[in-house]
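Single-letter residue listing:
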Amino acid sequence: MRATFFETMPRVIGHRGASGLAPENTIASFKKASEVGTQSIEIDIMITSDDQCVICHDTNVNRCTDGTGPVLLKTLEEIKSLDAGKWFADEFAGQQIPTLQETTDLLTKLDISLNLEIKPTDGWEVPTAKIVGQELKANLPSDLPVLLSSFNIEALVTTGEIVPHLPRGYLSDAIPYEWERRLAEARVDSLHCDANFVTEDAIKAVQDAGYHFLAFTVNDPEHAQQLLDWNIDAIITDYPDRMLPLL
Ligand code: G3P
Ligand code: MG
């Protein structure tokens, strides 16, 4: 049986793979994370017009590919025709936007656990969560630990109904107003906040209430050290190579 994500969670998680070192959310980024010793990565998932799950942060492909337009209005074939590496550096030309399946197969081989952030286009929270949940239920490799997360409570609750065995985390920039009520409503196991809002007291209060506490996106080693000293469960970083030596 698969270990749960939190049983194996390291204290440093690569953001969009190792997105400071390679083009975010690509196979090259996941391999780079592995090369520098990362044991877990966070990536973003959304759906295409033909209901396929692809790994991409923005709702459109403009910033991270040589194409334009919303992901939700493109077929998987159209998404696959785009170059997702050259914008970062010429050496990464030819990288594609990966599918969920390509990603989970690779991470299983690399022995890297997965924090999958559901990133729905506004208005498509429930269908996105349903398609991602169904894909995970049908095809998730049995030994890959996965943590689902989202800024959107509807998406979290919907995936929780389809894959209830997978842990879930609620994303928020600040510590949410009335966070106890909010986390109960989202039915989650963890809270992930923007590191700039995180205090030692907040970490302790949230952990004492039974939740794991993660912070994103921490790229300054001094700030990372402070959060680790405050007993944060994990930090999410674009530069796992800078943060792993702190452990
Ligand atoms: O999951 C943590 C972090 O990735 C959330 O923000 O915008 O980088 O996806 P964003
Ligand atoms: Mg993310």
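Residues numbered from 1 in each chain as written. Chains lettered and ligands numbered in written order. Predicted model: local features only at pLDDT ≥ 70, side-chain atom pairs only at ≥ 80, totals over all residues. Heavy atoms only, no water.

Enquirer: Would you mind showing me how to read the environment of Q52 here?
Expert: Take Q52: it is sitting in the loop between β2 (40-47) and β3 (53-55). Measuring from C-alpha to C-alpha, the distance between Q52 and L82 comes to 16 Å, with 30 residues separating the pair along the chain. Leaving out residues up to four positions away in the same chain, Q52 has contacts with M46, I47 and L76. Among the polar contacts listed, one links the side chain of Q52 to the backbone oxygen of D50, at a separation of 3.1 Å. (Helix = DSSP H or I, 4+ residues; strand = E, 2+ residues; numbered from the N terminus. Contact = heavy atoms within 4.5 Å. Polar contact = N/O pair within 3.5 Å; in protein donor to acceptor, adjacent residues only side chain to side chain.)

Enquirer: Is there a simple way to explain the site of ligand 1 in this structure?
Expert: The environment of ligand 1 is made up of H15, R16, E42, D44, H57, E117, K119, F151, L171 and F216. At 3.2 Å, a side-chain N or O of D44 approaches an oxygen atom of ligand 1. Computed on the free molecule, ligand 1 has an accessible area of 290 Å², of which 90% lies beneath the protein chains in the complex. The class makeup of the residues in the shell around ligand 1 is three nonpolar, two polar and five charged. (Near = heavy atom within 4 Å. Areas by Shrake-Rupley, 256 points an atom, 1.4 Å probe, with all protein chains shown as cover. Nonpolar A, V, L, I, M, F, W, Y, C, P; charged D, E, K, R; others polar.)

Enquirer: So what exactly am I meant to see when it comes to helix α2 (residues 27-35) here?
Expert: Working note: α-helix, 3.6 residues per turn, so residues spaced by three or four point in the same direction. Among the residues of α2, those classed as buried are A28, S29, F30 and A33. Elements in contact with the buried residues of α2: β2, β3 and α4 (100-110). Looking one or two places after α2, you find G37, whose phi comes out positive at around 100 degrees. (Buried < 20%, exposed > 50% of the residue type's maximum accessible area, 1.4 Å probe, protein only.)

Enquirer: Any chance you could explain the coordination of the magnesium ion (ligand 2) here in plain terms?
Expert: Working reference: metal with six octahedral donors, ideal angles 90 or 180 degrees; metal with four tetrahedral donors, ideal angle 109.5 degrees. With distances of 2.0 to 2.1 Å, the protein atoms coordinating the magnesium ion (ligand 2) are E42 (OE), D44 (OD) and E117 (OE). We note that the donor set of the magnesium ion (ligand 2) lies within a single chain, spaced as E-x1-D-x72-E. Placement of the pair is E42 in strand β2 and E117 in strand β4 (residues 113-118), with a sequence separation of 75 residues. (Donors = N, O, S within 2.8 Å, 3.2 Å for Na, K, Ca; no water.)

Enquirer: I would appreciate a short explanation of the packing of aromatic side chains in the present structure.
Expert: This model, assessed by the stated rule, comprises four aromatic pairs. Where F5 meets F6, the ring centres are 5.7 Å apart and the plane angle is 90 degrees; that geometry is what we call edge-to-face. By way of ring pairs, the aromatic residues W87, F88 and F92 are connected into one cluster. Geometry around Y239 places R242 over its ring, the cationic atom sitting 3.6 Å from the centre. (Phe/Tyr/Trp six-rings, centres within 6.5 Å; stacked < 30°, edge-to-face > 60°. Lys NZ or Arg CZ within 6 Å of the ring centre and 35° of its normal.)

Enquirer: Help me out: how do you make sense of the environment of E91 in this one?
Expert: Its place among the elements puts E91 in the loop between α3 (76-80) and α4. Linking E91 and A22, residues 69 residues apart in sequence, is a C-alpha distance of 9.6 Å.

Enquirer: I tried to follow the pairing of β2 on my own but got confused; where do I start?
Expert: Every regular strand shows the same layout, with side chains that alternate between the two sheet faces. Summarising burial for β2: eight of the eight residues are buried, a large majority. With burial as the criterion, each face of β2 is covered, one bearing S40, E42, D44 and M46 and the other bearing I41, I43, I45 and I47. The sheet contact formed by strand β1 (residues 12-15) and β2 spans two bridges and is parallel. Bridge pairing in β2 links G14 to I41. The β-α-β motif built from β1, the intervening α2 and the parallel element β2 has right-handed crossover chirality. (Pairing = 2+ DSSP bridges. Right-handed = clockwise from strand over helix to strand, strands pointing away.)

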